[in-house]
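As a plain string of letters, each chain reads:
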Amino acid sequence: MAPKLLHLNPIPIILRRTPHHQNHPFTTLNHPYESSNQTISFLKSISSNPSYILLGIAKNLESLRKVHALLIVNGTMTNDLLCMTKLVSMYGSMSRVEAARAVFDGIERPDLYAYKVMIRWCFLNEMYGETVMQYRCLRKCLRGSDDVVFAVVLKACCELRDLDEGRKVHCEVVKAGSIDGFVLTSLVDLYAKCGEVGSSREAFGEIKERDVVSWTSLIAGYVQNDCVEEALVMFNRMREGFVEGNQFTLGSLVNGCGKIGALHQGKWLHGCVIKTGMDSNPFLGTALLDMYVKCGNVGDACSVFDDLSTTDVISWTAMIVGYAQTGKPDEALRLLVDKRWAGILLNAVTAASVLSACAQLGSFGLGRTVHCLTLKFGLRDDAVENALVDMYAKCHAIRDARSIFDSVSLKDTTAWNSMISGYYQNGQGCDALQLFHQMILDDAERPDPVTFVSIISACASVGAISVGTSIHAFIVKAGISSVNPYVGTALLNFYAKCGDAVSARLVFDEMQVKNAVTWSAMISGYGIQGDGDESIALLADMSRESMEPNEAIFATVLSACSHTGKVGDGGKYFTSMCQKYSFAPSMKHYACMVDLLARAGRLNEALDFIQGMPIQPDASVYGPFLHGCSLHGRFELGDAAARRMLDPYPDEACYYVLLSNYYALDGRWNQARELRDLMKQRGLSKSPGWSSAEIGTLDEVSHLRIAAIG
């Protein structure tokens, strides 16, 4: 079993050249002269070796090279193992590993200490492959080895994710016997980072004296391999053993809680951080902020952000991402322009999140400004380019979106999805179909569920029945529609809008997972066809499935009742929506109720209902009422409503058109003409309505080719 790896911050087995590592087992390499007599002898040899003393004087690379040249010219380095090993170490400490390697290769018979020095500096300079290669040479040339070498090489294998080489070293460790706890901790880390959680746990079980480093290695390994619950259990056992966690222990656990959305456990860990006095630690503060953001608790994330002692680009970006992803784009933009963080430069993640916020708000001007900043700072990775396409599309600058899309050399699925969705959202369904066709012909990227949701919605918007059904065929072949509720809902909605309620119901019945939007789409499909009985029956089925209807579903049911004359049922559902489910009726709900009463000829009740509305009625409410008045010949009621309708909306063309049509139905042509003339005098015009259906131009997107993909 090898679960996928989760990248976390490294645990505190850190091997870098900083002062606090001076006494670390990896950086303190014991010389082979270990007995007191040997040590005294060794010190005497040093004091009598002027070359060794001379190397110690060199404090920088230039002086070291001069000393090295002097020793070569004088021939004092020939067969001087101690001096050459010292030179290897000094070149390595100055990050000149190539020079160190050249000196090391000149040693005729390097001993274990010389190999340890060479291995150490290869590792500390992040040359992990070279570290393993030097270890292999050591094994070929010498029989001996020690725990320091084992630990360093295991760490190199861990960085390389080289499980096979790590297993070989593990075998050699076992053969050497008496395994050191530090070596076992390195094995725990190796197996965890290579996805072998079981082997990591076994290595941990062999450690007799477990310190915070060994516990943290295992806990971080569990989190990396998506075993967050096991990590929390091990943390409790660690505390039972009276071992206190450090910032890396708690940081790993907090990251794990954010990954699985465990808000309760995350808050408990936050309490541990405060209790141990580490709440001012910027690393833990950023981890807590990220956890709260991923759990959707932006309020607590904001509190953590405000309490940070120092704010850097990582914490600043995490807060902006949190606002952008939780429907608070205005807060994200406010944080971006706040002068308190004027000195922080945005990175690619920041730019992508800010562009997402601009897209949500339709802030075209600020979006263009951020675009300029991405060009200035060279922030042009995939996420930024896709965010730019999405921002321009949602700001209705579809040409700019297409220009960015065309400039991307290697387009991924997200880029195609952003552009296809942009065309659909801007009412250019045919362009969306053409782009999808190009995506398939170019064999650029495989469509994913997001692609299919957008393209099926585009088919519904332009009435492209044959193209939509051919795409449905491919979706069925791929086995997506039955398991993905979003794709299934898009298909259901497509058939419903195209007037095929039977096919819509087949898709609905085949779906294994249904959400509130799915039920609403099916109920609406029956409502469009005027089948109120099926709409009501489906609502009852939804209640039996223990799913509560939302406001959209009630609007759909009320519309179906109005079209089928079910006045009693409509009133019952409106009352249930307000009293049982505590929904505040929207304008659409009020319009449906007025339409229901007006169609049934109960115009006095409809007028009383309008007058009792807590919000100002608009054309969607007055329109059904005036239609009912003309339908049932009650023009006196319509005239009274007409006078109330125009007063609040003197500059809205739709009300003039509505009233003009009403007068025309009653044969009052002069009044209708006067209203039209008044519209012209005030410079008012109504956008013409339109509808679409599949014609020959859509055949360019061949359904045969689409059905054959895959």
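Residues numbered from 1 in each chain as written. Predicted model: local features only at pLDDT ≥ 70, side-chain atom pairs only at ≥ 80, totals over all residues. Heavy atoms only, no water.

A. Here's a closer look at the overall build of the protein. Summing up its helical and strand segments, the protein has 40 helices and zero strands in all. Burial analysis of the protein (710 residues in total) assigns 49% to the buried set. For the protein, the share of sequence-separated contacts (at least 6 apart) that also reach a separation of at least 24 residues comes to 63%. Summing over all exposed atoms, the protein offers an accessible surface of approximately 34,100 Å²; the carbon and sulfur share of this is 52%. (Helix = DSSP H or I, 4+ residues; strand = E, 2+ residues; numbered from the N terminus. Buried < 20%, exposed > 50% of the residue type's maximum accessible area, 1.4 Å probe, protein only. Contact = heavy atoms within 4.5 Å. Areas by Shrake-Rupley, 256 points an atom, 1.4 Å probe, with all protein chains shown as cover.)

B. Quick peek at the environment of Ala-348. Residue position: Ala-348 is located in helix H20 (residues 348-361). The exposure class of Ala-348 is buried, given its relative accessible area of 17%. Residues Ala-348 and Asp-382 lie 34 residues apart in sequence; the distance between their C-alpha atoms is 9.3 Å. Here Ala-348 is in contact with Leu-379, Asp-381 and Val-384, once residues within four sequence places are set aside.

C. Layout of a nonpolar patch on the surface. A cluster of nonpolar residues, Leu-345, Leu-373 and Phe-377, forms a patch on the protein surface that exposes about 260 Å² of accessible area. Here Leu-373 shows up in helix H21 (residues 364-377). (Patch = residues over 30% accessible without salt bridge, like charges linked within 9 Å, V, L, I, M, F, W, Y side chains within 5 Å. Salt bridge = Lys/Arg side-chain N within 4 Å of Asp/Glu carboxyl O.)

D. Representation of the packing of helix H22 (residues 382-394) against helix H23 (residues 398-407) within the structure. Closest axis-to-axis distance for the H22/H23 pair is 7 Å, and the angle between their directions is 165 degrees. Considered as vectors, H22 and H23 are oriented roughly antiparallel to each other. For the pair H22 and H23, the crossing hand works out as left-handed. Contacts between H22 and H23 involve Glu-385, Leu-388, Val-389, Tyr-392 and Ala-393 from the former and Ile-398, Asp-400, Ala-401, Ile-404 and Phe-405 from the latter. (Axes fitted to C-alpha atoms, helices over the stretch in contact; angles between N-to-C directions. Parallel < 35°, antiparallel > 145°, perpendicular 65-115°, else oblique. Left-handed = near helix turned anticlockwise from the far one by under 90°.)

E. How the structure looks around the packing of aromatic side chains. All chains considered together, the criterion is met by 16 aromatic pairs. Ring geometry for Phe-235 versus Trp-268: centroids 5.9 Å apart, planes at 80 degrees, classification edge-to-face. Here Trp-268 lies in helix H15 (residues 263-275) and Phe-235 lies in helix H13 (residues 228-240), a separation of 33 residues in the sequence. Of the residues examined, Phe-235 reaches a relative accessible area of 3% and is grouped as buried. (Phe/Tyr/Trp six-rings, centres within 6.5 Å; stacked < 30°, edge-to-face > 60°.)

F. Highlighting the environment of Val-557. Assignment of secondary structure puts Val-557 in helix H32 (residues 551-564). Taking relative accessible area as the criterion, Val-557 reaches 0% and is therefore assigned buried. Counting along the chain gives twelve residues from Val-557 to Asp-569, while the straight-line C-alpha distance between them is 9.3 Å.

G. Just the side chain of Ser-353, in detail. Tracing the backbone shows Ser-353 in helix H20. For Ser-353, the contacting residues outside a window of four places in its chain are Ile-320, Val-321 and Ala-324.

H. View of the pattern of salt bridges. Under the definition given, this model contains 24 salt bridges. Salt-bridge contacts for Arg-139 lead to Glu-172; the nearest nitrogen and oxygen are separated by 3.8 Å. Of this pair, Arg-139 sits in helix H7 (residues 128-141) while Glu-172 sits in helix H9 (residues 163-176), placing them 33 residues apart in sequence. With a shortest N-O distance of 3.0 Å, Asp-509 and Arg-505 are connected by a salt bridge.

I. Examining H15 more closely. Between the first and last C-alpha of H15 there are 18 Å, a value that for 13 residues agrees with the 18 Å anticipated at 1.5 Å per step. Those residues of H15 lying buried are Gly-266, Leu-269, His-270, Cys-272 and Val-273. Along H15, the residues classed as buried sweep out an arc of 160 degrees about the axis, all on the same side. With respect to the buried face of H15, the exposed residues turned more than 90 degrees away are His-264 and Lys-275. Along its buried surface, H15 packs onto H13, helix H14 (247-260), helix H16 (282-294) and helix H17 (298-307). Positive phi shows up at Gly-277, right after H15, with a value of about 75 degrees. (Expected span 1.5 Å × (residues − 1). Arc of directions from axis to C-beta.)

J. Quick look at the nonpolar core. In terms of nonpolar packing, the biggest core is built from 212 residues, with Trp-316, Phe-452, Ile-455, Ile-471 and Phe-625 touching the most fellow members. Non-local contacts of Ile-455, meaning those with residues more than four positions away in its chain, are made with Ile-420, Ala-432, Leu-433, Phe-436 and Ile-471. (Core = buried A, V, L, I, M, F, W, Y, C linked by side-chain atoms within 4.5 Å.)

K. Quick look at helix H25 (residues 429-441). Between the first and last C-alpha of H25 there are 19 Å, a value that for 13 residues agrees with the 18 Å anticipated at 1.5 Å per step. One or two positions beyond H25, positive phi appears at Asp-443, with a value near 50 degrees.

L. Molecular detail of the side chain of Thr-556. Its place among the elements puts Thr-556 in helix H32. Excluding residues that lie within four positions of it along the chain, Thr-556 makes contacts with Ser-520, Ile-523 and Ser-524.

M. Up close: the environment of Ala-203. Structurally, the position occupied by Ala-203 is in helix H11 (residues 197-205). Placed 20 residues apart in sequence, Ala-203 and Val-183 show a C-alpha to C-alpha distance of 9.7 Å. Not counting residues up to four positions away in its chain, the partners in contact with Ala-203 are Leu-184, Leu-187 and Val-188.

N. Main features of the packing of helix H24 (residues 413-425) against helix H26 (residues 449-462). Where H24 meets H26, the axes come as close as 9 Å, and the angle between the chain directions of the two elements is 20 degrees. When the axes of H24 and H26 are compared, the pair comes out roughly parallel. As for how H24 packs across H26, the hand of that crossing is left-handed. Residues Thr-413, Asn-417, Ile-420, Ser-421 and Tyr-424 of H24 touch H26, and the partners they reach there are Val-450, Thr-451, Ser-454, Ile-455, Ser-457, Ala-458 and Ser-461.

O. Local environment of the confidence of the model for the protein. When pLDDT is averaged along the protein, the result is 83, and 86% of the positions lie at 70 or above. By mean pLDDT, helix H40 (residues 703-707) is the weakest element of the protein at 40, and helix H12 (residues 212-224) is the strongest at 95. Segment residues 1-35 is flagged for pLDDT under 50; beyond a separation of four residues in sequence, or across chains, it makes 88 contacts in the model. Counting contacts from residues 697-710, a segment whose pLDDT is below 50, to residues more than four positions away or on other chains yields 31 contacts. (pLDDT = per-residue confidence, 0-100.)

P. Inspection of unusual backbone geometry at higher detail. Even without a glycine there, the phi angle at Glu-126 is positive, about 60 degrees. Mapping Glu-126 onto the fold places it in the loop between helix H6 (112-124) and H7. The exposure class of Glu-126 is partly exposed, given its relative accessible area of 47%. The phi angle at Ser-582 is positive, at roughly 60 degrees, despite the residue not being glycine. Within the secondary structure, Ser-582 sits in the loop between helix H33 (567-579) and helix H34 (587-599).

Q. Focus on the state of the cysteines. Scanning all chains against the criterion turns up zero disulfides. The thiol sulfur of Cys-194 is not disulfide-bonded, and the nearest other cysteine sulfur, from Cys-158, lies at 6.2 Å. Residue Cys-194 is classed as buried on the basis of its relative accessible area of 15%. This cysteine, Cys-257, is not joined by any disulfide, and Cys-295 carries the nearest cysteine sulfur, 7.3 Å off. Residue Cys-257 is classed as buried on the basis of its relative accessible area, which comes to 0%. (Disulfide = S-S within 2.5 Å.)

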